[in-house]
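# Notes for the structure review
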Amino acid sequence: MKEYRFIPEISLDRTSIVPLRLQIIKQMRQDIISNRVPPGTRVLSERQMSQTLDVNRNTVHQAYMELVADGLLEFKTSRGGPRISKEALKIYEMSFPCINFLLPYTFGEYVASSGGNNSMWLEYVAGLLDHASQCGISVNILAMPQPDASVEQINEWLKRFIHRSIGTIILGSREIEYDPVFDALIKCTKVPHVFLNGTSDYENVSTVVADVSCGCNEMLEHFAEQGVRELGLVYFEKNEYNKQFHYASGTRTETVEKLAVKHNFKVKKYIFPLSFGSDEQRSALLADELLADKNAPRTLWCFNDTTAMAVLKEFERRKIRIPEDFRIAAYDNSAPAELELSSIAHSRVKLAQIAVDMLVDMLENGEPVKIKHQVLSTGFFARKSSGKGK
């Protein structure tokens, strides 16, 4: 198989007062760095480059020698021809390396969508910003063009922001069936991309997610110790969007159900319909269903803390005692301490830190597009709402 050679895009202005040698140096340097050409990649020989550009070979030789002095090119042997130097990695890293952090919406919209549970999103951001700072890396919060942007506008956006970073950490996608901007970003393989708490069908994306099973097993053991053998799962209907970024939470209920069955729990599922009314109305509907069924489970696991808090509020309104009448656990570990809500959770700060470390590791080890998948364990925090605490 013929060895790949990097062919830089060079357009010489022969009317300019800038010498051709300096034009070649500037454009080659920009093209090599923006494309993050892997060390060891062959470059056109001096003869080939002089023929391609229609310039004197000595002009190309002088340009190549300056690029060697800069650390971008190297000649292993006199006949080996020019290659991208190992030292180029340090140049790619830049004096002030930057990570692009992609939020598909404004941070204010994230906070508003969290139902007042603002700390969750802040923990992701704090973990990323603090750890990046400790690594000497700045963070650019990236705003995406509108989905109806032209191909030219999308390409200009990629050129201006993406290539100037050591990689992109992505916290989600817009809730539309297909986002051409997001698709163009992920298919840009010149820098690595990491999905934070999400998975992907794209082959070139690295991921870091939480393993729900660890904390779930702890929760089920906690219930089993109290003689509980039936579990009600309160969950949302499946979101048909986010086909480009699969939120890890999308498989959460399925994982809990499978593990509960494996632990010999009898499981009954209750949909918390997002399309119906407010949290208060949905909680009232759930309470009606549970109280009307004498055989309904008296132990509930809710998809997240926000749902569980709404259920707890409705139960309190009806004077249903927790945990005497119903035990409740959830996921996120973000509820106010006074509620004493038991919850499965992962460290959002740690998850963000791992995402930063993945990009740094990929860069420092010379494999900027190597795909990695990492998992962070969850734990169960037992409190009053689920019965006896640990």
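Refer to the structure above for everything that follows.
## Considering the environment of phenylalanine 101
Here phenylalanine 101 is to be found in strand S5 (residues 98-102). Residues within four places of phenylalanine 101 in sequence aside, it is in contact with Val125, Leu128, Val139, Asn140, Ile141, Leu142, Ile169 and Leu171.

## Details of the packing of aromatic side chains
The final tally for this structure, using the stated rule, is 7 aromatic pairs. The cationic tip of arginine 252 hangs over the ring face of tyrosine 331; the distance from NZ or CZ to the ring centre is 3.8 Å. One cation-aromatic arrangement involves lysine 269 over tyrosine 235; the distance from NZ or CZ to the ring centre is 4.9 Å.

## Considerations on the pairing of strand S8 (residues 193-196)
Taking every second residue as pointing to the same face, both faces of S8 are buried, with His193 and Phe195 on one and Val194 and Leu196 on the other. Pairing between strand S7 (residues 167-170) and S8: 3 bridges, direction parallel. The residue bridging isoleucine 170 from the neighbouring strand is phenylalanine 195, located in S8. Chirality of the crossover, the property in question, places the unit of S7, helix H8 (residues 180-186) and S8 among those that are right-handed.

## As for a nonpolar patch on the surface
Together, Ile17, Val18 and Leu22 make up a nonpolar patch on the protein surface, roughly 300 Å² of accessible area in all. Looking at where isoleucine 17 falls in the secondary structure, it is placed in the loop between strand S1 (5-6) and helix H1 (20-35).

## Looking at H1
Look at H1: 22 Å from first C-alpha to last across 16 residues, which is about the 22 Å you get at 1.5 Å a residue. Gln23, Ile24, Ile25, Gln27, Met28, Asp31, Ile32 and Asn35 are the residues of H1 that are buried. Backbone geometry just downstream of H1 places arginine 36 in the positive-phi region, at approximately 45°.

## Comments concerning the pattern of salt bridges
Opposite charge on two side chains makes pairing possible when the charged atoms of those side chains draw close. For the structure on display, the rule yields 15 salt bridges. Notably, a salt bridge pairs arginine 348 with glutamate 123, separated by 2.9 Å at the nearest N-O pair. Here arginine 348 is found in helix H13 (residues 348-364), whereas its partner glutamate 123 is found in helix H6 (residues 119-134), with 225 residues between them in sequence. Judged by relative accessible area, arginine 348 falls into the buried class, the value being 4%. The class for glutamate 123 is partly exposed, based on a relative accessible area of 25%. Measuring nitrogen to oxygen at the nearest pair gives 3.2 Å for the salt bridge that ties lysine 187 to aspartate 183. Overall, the relative accessible area of 9% leaves aspartate 183 in the buried class.

## Quick word on the sheet that holds strand S6 (residues 138-142)
Spatially, the 6 strands line up as an open sheet ordered S6-S5-S7-S8-S10-S17, and their pairing is parallel. Both outer strands of the open sheet, S6 and strand S17 (373-377), are each paired with one neighbouring strand and no more. Averaged over all adjacent pairs, the angle separating strand axes in this sheet is 20°, with direction ignored. With 5 bridges joining them, S5 and S6 adopt parallel strand pairing. Along S6, the bridge assignment pairs cysteine 98 with serine 138. Where H6 meets the sheet, its contacts fall on S5, S6, S7 and S8, and the angle it forms with S6 comes to roughly 145°. Of the strands in this sheet, S5, S7, S8, strand S10 (205-211) and S17 are in contact with H13, which crosses S10 at around 150°.

## Considering the sheet that holds strand S13 (residues 266-271)
Within the open sheet, the 6 strands sit side by side as S13-S11-S14-S15-S16-S18. Their pairing is mixed. In this open sheet, the two strands that pair with only one neighbour each are S13 and strand S18 (379-381). Within this sheet the neighbouring strands show an average axis-to-axis angle of 20°, counted without direction. The pairing of strand S11 (residues 230-235) with strand S14 (residues 299-302) spans 3 bridges and is parallel. The residue bridging valine 234 from the neighbouring strand is cysteine 302, located in S14.

## Thoughts on the side chain of serine 343
Relative to the assigned elements, serine 343 resides in strand S16 (residues 342-345). We classify serine 343 as buried; its relative accessible area is 0%. Polar side-chain contacts of serine 343 include one of 3.0 Å to the side chain of aspartate 305. Among the polar contacts made by the side chain of serine 343, one reaches the main-chain amide nitrogen of aspartate 332 at a distance of 3.1 Å. With residues up to four places along the chain from it excluded, the contact list for serine 343 reads Asp305, Ala330, Tyr331, Asp332, Asn333, Gly379, Phe380, Phe381 and Arg383.

## A short note on H13
With 17 residues, H13 extends 25 Å from end C-alpha to end C-alpha; this agrees with the ideal 24 Å at 1.5 Å per step. Buried within H13 we find Arg348, Leu351, Ala352, Ile354, Ala355, Val356, Met358, Leu359, Val360, Met362 and Leu363.

## Some details on the packing of H1 against helix H3 (residues 57-70)
Their axes nearest at 9 Å, the elements H1 and H3 cross at an angle of 45°. As the angle between them shows, H1 and H3 are arranged oblique. For H1 against H3, the interelement crossing comes out right-handed. Touching Leu20, Arg21, Ile24, Ile25, Met28 and Arg29 of H1 are Thr59, Gln62, Ala63, Tyr64, Glu66, Leu67 and Asp70, all from H3. Looking at side-chain class alone, the contact of H1 with H3 contains 7 nonpolar, 2 polar and 4 charged residues.

So, how was this worked out
Residues numbered from 1 in each chain as written. Predicted model: local features only at pLDDT ≥ 70, side-chain atom pairs only at ≥ 80, totals over all residues. Heavy atoms only, no water. Helix = DSSP H or I, 4+ residues; strand = E, 2+ residues; numbered from the N terminus. Contact = heavy atoms within 4.5 Å. Phe/Tyr/Trp six-rings, centres within 6.5 Å; stacked < 30°, edge-to-face > 60°. Lys NZ or Arg CZ within 6 Å of the ring centre and 35° of its normal. Buried < 20%, exposed > 50% of the residue type's maximum accessible area, 1.4 Å probe, protein only. Pairing = 2+ DSSP bridges. Right-handed = clockwise from strand over helix to strand, strands pointing away. Patch = residues over 30% accessible without salt bridge, like charges linked within 9 Å, V, L, I, M, F, W, Y side chains within 5 Å. Areas by Shrake-Rupley, 256 points an atom, 1.4 Å probe, with all protein chains shown as cover. Salt bridge = Lys/Arg side-chain N within 4 Å of Asp/Glu carboxyl O. Expected span 1.5 Å × (residues − 1). Axes fitted to C-alpha atoms, helices over the stretch in contact; angles between N-to-C directions. Polar contact = N/O pair within 3.5 Å; in protein donor to acceptor, adjacent residues only side chain to side chain. Parallel < 35°, antiparallel > 145°, perpendicular 65-115°, else oblique. Left-handed = near helix turned anticlockwise from the far one by under 90°. Nonpolar A, V, L, I, M, F, W, Y, C, P; charged D, E, K, R; others polar.

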